[in-house]
Amino acid sequence: MSRMFLIRVLFLMSFLLAAATGASAQDELTYNQYRALAWAADRLDHVAMFEPIHGETGMNLVIADRFGQVQAVKLSSRGAERIWKSIQLSGIPDEVITADLDGDGLEDTILCRTNAGKVYAWDMDGFTLLWESLPSEYSTITCFTTANMDEDGSNEIVLLGDRRLVYIDGVSFNKDWTSINEYDATMVRCGDVDGDGRIEVVLNSGQVLDSVSGAIEWEEQAFYHSIELLDIDGDGLPEVLTESGMGGPIKVFDMDYGTEIRFQ
């Protein structure tokens, strides 16, 4: 392990675990440590966390660095240990996420997209490179996520490549569908937000799309930059939460009625 890598990891640990108190003797993270890691993984595009898939103690952190590599670090009460480093990627990572592609209910894949229009997928068990998109297939990929778009039991990689929506099968990695229409968005989320029994695609550019045809079902002038789908009223359907940056205002849209919820 290089000296510079250790310095970077220790700096990140000092930031993430600043609130930590009372390390466990069994290598388990404390509640405060876990909360700090979860907060960072949720708010930072270049960081994701995942549980060790064989039931080991501690927590794993994925870091996509500006030098064009993805690294996995095992964190426990004893400190940090790098357990994997990727090949040199094409481009600089824009975002890294963890996903359940085969639909077995367990996150087992690391996905990364770069500013060179490439997507990479690694298996968490051994960190084998499962798939990478073809060179020059896309000039830009502005956002991606995963969801079961065709009800076949496995999930698809859903991405916006060169302004077109694309579904890539999460098992075969074949391209299932590409939209005719073009969209401008930097974040995408998928879920049945209107209760019609079919997944919708929600873009932070303000569109809610039918997942089969790509047709616009509902459109707002523009959402704020960040969007998430979460059922906050307990009706079984997720609402669209949209936030304007760190500390900015939030809007909540109920797609049952296609209106903004006003908390008054």
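Residues numbered from 1 in each chain as written. Predicted model: local features only at pLDDT ≥ 70, side-chain atom pairs only at ≥ 80, totals over all residues. Heavy atoms only, no water.

Chemist: How should the pairing of strand β16 (residues 216-219) be read in this particular structure?
Modeler: Each regular strand carries side chains that alternate between the two faces of the sheet. One ladder, built from three bridges, connects strand β15 (residues 207-210) with β16; its direction is antiparallel. Across the sheet, residue Gln-207 finds its bridge partner in β16, namely Glu-219. Taking the residues between adjacent antiparallel strands as the criterion, β15 and β16 are bridged by five residues, where Gly-214 takes a positive phi near 80°. (Pairing = 2+ DSSP bridges. Helix = DSSP H or I, 4+ residues; strand = E, 2+ residues; numbered from the N terminus.)

Chemist: Please clarify how a negative patch on the surface should be interpreted in this entry.
Modeler: Together, Asp-150, Glu-151, Asp-152 and Asp-176 give the surface a local cluster of negative charge. Looking at where Glu-151 falls in the secondary structure, it is placed in the loop between β9 (141-147) and β10 (156-161). (Patch = residues over 30% accessible without salt bridge, like charges linked within 9 Å, V, L, I, M, F, W, Y side chains within 5 Å. Areas by Shrake-Rupley, 256 points an atom, 1.4 Å probe, with all protein chains shown as cover. Salt bridge = Lys/Arg side-chain N within 4 Å of Asp/Glu carboxyl O. Lys, Arg positive; Asp, Glu negative; His and termini not counted. Charge placed at Lys NZ, Arg CZ, Asp CG, Glu CD.)

Chemist: What exactly am I supposed to notice about the sheet that holds strand β18 (residues 239-243) here?
Modeler: Strand pairing within a sheet occurs via backbone hydrogen bonds; the two strands may be parallel or antiparallel. An order of β17-β18-β19-β20 is seen for the four strands of this open sheet, with the pairing classed as antiparallel. Both edges of this open sheet fall to β17 (226-230) and β20 (259-260), since each of them pairs with a single strand only. Pairing of β17 with β18, which is carried by five bridges, proceeds in the antiparallel orientation. From the neighbouring strand, Ser-226 faces β18, where its bridge partner is Glu-243.

Chemist: Looking at this model, I keep getting lost on the packing of aromatic side chains. Mind explaining?
Modeler: Each aromatic ring pair is described using two quantities: the centre-to-centre distance and the angle formed by the ring planes. Inspection of every chain in the model, using the stated rule, returns eight aromatic pairs. Ring plane angle 65° and centroid distance 5.3 Å describe the contact between Trp-84 and Trp-122, whose orientation is recorded as edge-to-face. Here Trp-122 lies in strand β7 (residues 119-123) and Trp-84 lies in strand β4 (residues 79-85), a separation of 38 residues in the sequence. Measuring from ring centre to ring centre gives 4.9 Å for Trp-84 and Phe-127, while their planes differ by 10°; the resulting arrangement is stacked. Of the two residues, Trp-84 is situated in strand β4 and Phe-127 in the loop between β7 and β8 (129-132); the sequence distance between them amounts to 43 residues. (Phe/Tyr/Trp six-rings, centres within 6.5 Å; stacked < 30°, edge-to-face > 60°.)

Chemist: Explanation requested: the pattern of salt bridges in the structure shown.
Modeler: Here the idea is simple: oppositely charged side chains can pair when their charged atoms come close. Under the criterion given, the structure shown has ten salt bridges. Between Lys-118 and Glu-132 there is a salt bridge whose closest N-O contact spans 2.7 Å. In this pair, Lys-118 sits in the loop between β6 (109-114) and β7 while Glu-132 sits in strand β8, placing the two residues 14 residues apart along the sequence. One salt bridge connects Arg-189 with Glu-228, and the closest N-O pair in it is separated by 3.0 Å. Taken together, the residues span a long stretch of sequence, with Arg-189 in strand β13 (residues 188-191) and Glu-228 in strand β17 at a distance of 39 residues. The class of Glu-228 is partly exposed, set by a relative accessible area of 38%. Connected through shared salt-bridge partners, Arg-163, Arg-164, Glu-182 and Asp-184 make up one network. (Buried < 20%, exposed > 50% of the residue type's maximum accessible area, 1.4 Å probe, protein only.)

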